[in-house]
Amino acid sequence: LELFRAQRLVSLNDLLNNERKLRELMGLPPDDDFRIIPKDEPTFARYEPDWQLAVSETMQFKPDLQAARFQIRAAELELSRQRNGLLPDLTVGGSWSLVGLDNQWDQSIDRLTDGDFEAWTLFFRARRQIGERAANAGVRRAQLLLSQRRGELRNLEHTAIHGLAQQYQKIVSNYQLIQAQKDRRQAAADQLEARENIYREGVATIDLLLQAQSRFADALREESQAVVDYNKALAEWEYARGRTLANDNIVLAEQRISLASPKLRADRAKWLDNSIPL
């Protein structure tokens, strides 16, 4: 009995700690005289995941992989920009002007406006630095950065696939464990019923009945824990695929906030009024 009381206190403490963590994530106070109790029934149905589809969705929708691909794209653009520094500088130019003056001012104006004497110039200029040490160093840095980004993406993809395989195995094994624990609980219930009948007939002692009751309680607890682990494996499977938000119809949208909006100006003025000057 004392062992059961100790186990109950440990389980209650774990429950309260998990509820407090959930309240912290939800932005709720630690205690508001209300308890958070699950309303939905746990899932008992067998779920058979599609491995090939899951791998494709993981590569496409997992946020950290998408962020790594954007970083690779940025590194490729930087490499293209640095390679432009290795190209020679080719300049094409030209000029045109009116020339021709006379020894008198008014005649010089007439000479210019007549347009009889013109001058034009067309030139090409090609320039290339010797050695190009700075440009080559920039290209090498950009190539190194691109290689690092690609290596990070391969590492993330490798980790994602292994994490997905782990969750796949958890779903299969936890469902099998539910069936095994269910059979164990049924066997313990049959044993408990037989021990109760023997005890009522005065053939067996009470300690045998208490042992049967303890085995039945352990089997019931282990079956419930297997159900919990199975449902957690289903949630972690969706997280590993990167489909948690989509499956719950949650869309993240960004909205530009203009500093000229009336609400933002009012909020800023209110904050300034309530601030404490230093």
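Computed from a predicted structure; not experimentally measured.

> Describe the overall build of the protein chain, and please don't skip the residues or the numbers.
Of regular secondary structure, the protein chain possesses 8 helices and 2 strands. Shown N-terminal to C-terminal, the secondary structure of the protein chain runs as helices and strands in the order α-α-α-β-α-β-α-α-α-α. Scored against the burial criterion, the 278 residues of the protein chain give a buried share of 17%. Expressed as a percentage of contacts within the protein chain between residues at least 6 apart in sequence, the contacts between residues at least 24 apart total 71%.

> Provide a residue-level description of the packing of helix 2 (residues 51–61) against helix 6 (residues 206–241), including the pertinent values.
One way to put it is that helix 2 packs onto helix 6 with a least axis distance of 7 Å and a crossing angle of 55 degrees. Here helix 6 runs oblique to helix 2, going by the angle between their axes. For the pair formed by helix 2 and helix 6, the contact residues are Trp51, Ala54, Glu57, Thr58 and Phe61 on the first element and Trp237, Ala240 and Arg241 on the second. Its residues assigned to classes, the contact of helix 2 with helix 6 shows 5 nonpolar, 1 polar and 2 charged.

> Tell me what's going on with the environment of Ser224, and back it up with residues and numbers.
Looking at the secondary structure, you find Ser224 in helix 6. Remark: the alpha-carbon pair of Ser224 and Ile178, spanning 46 residues in sequence, is separated by 8.3 Å.

> Outline the layout of surface pockets, supporting the account with residue identities and numerical values.
Counted as a void, the largest pocket has a volume near 1900 Å³. If you go around the largest pocket, you meet 37 residues; those closest to its centre are Leu15, Asn18, Ser224, Gln225 and Val228. Taken together, the elements giving at least two residues each to the lining of the largest pocket come down to helix 1 (2–26) and helix 6. Examining the composition of the lining of the largest pocket, we find that 15 residues originate from one element, helix 6, more than from any other. In the lining of the largest pocket, the residues fall into 17 nonpolar, 7 polar and 13 charged.

> Got a sec to walk through unusual backbone geometry? Specific residues and values, please.
One non-glycine residue, Asp33, lies in the positive phi region at around 65 degrees. Inspection of the secondary structure puts Asp33 in the loop between helix 1 and helix 2.

> How would you sum up the side chain of Glu57? Please name residues and give values.
By the element assignment, Glu57 lies in helix 2. You can call Glu57 buried: its relative accessible area is 15%. Separated by 2.4 Å, the side chains of Glu57 and Arg241 make a polar contact. For Glu57, the residues in contact, after removing those within four places along its chain, are Lys62, Arg241 and Arg243.

> Describe the nonpolar core, naming the residues involved and giving the relevant values.
Taken as a class, soluble globular proteins show a tendency for nonpolar side chains to be buried jointly. Membership of the largest hydrophobic core comes to 13 residues, with the highest contact counts inside it found for Ala54, Leu164, Ile171, Ile178, Tyr230, Leu234 and Trp237. When contributions to this core are tallied by element, the ones reaching two or more residues are helix 2, helix 5 (133–200) and helix 6. Apart from residues lying up to four places away in sequence, Leu234 is in contact with Thr43, Tyr47 and Ile171. Residues Leu65, Ile72, Ala142 and Leu146 belong to the second largest nonpolar core, which totals 10 residues.

Reading guide: rules and limits
Residues numbered from 1 in each chain as written. Predicted model: local features only at pLDDT ≥ 70, side-chain atom pairs only at ≥ 80, totals over all residues. Heavy atoms only, no water. Helix = DSSP H or I, 4+ residues; strand = E, 2+ residues; numbered from the N terminus. Buried < 20%, exposed > 50% of the residue type's maximum accessible area, 1.4 Å probe, protein only. Contact = heavy atoms within 4.5 Å. Axes fitted to C-alpha atoms, helices over the stretch in contact; angles between N-to-C directions. Parallel < 35°, antiparallel > 145°, perpendicular 65-115°, else oblique. Nonpolar A, V, L, I, M, F, W, Y, C, P; charged D, E, K, R; others polar. 1 Å grid on protein atoms, 1.4 Å probe; cavity = no way out; pocket = protein on both sides within 12 Å on 5 of 7 lines; lining within 4 Å. Points joined across faces, edges and corners; volume = space filled by probe spheres on them. Polar contact = N/O pair within 3.5 Å; in protein donor to acceptor, adjacent residues only side chain to side chain. Core = buried A, V, L, I, M, F, W, Y, C linked by side-chain atoms within 4.5 Å.

The quantities given are spatial measurements derived from coordinates; they are silent on function.
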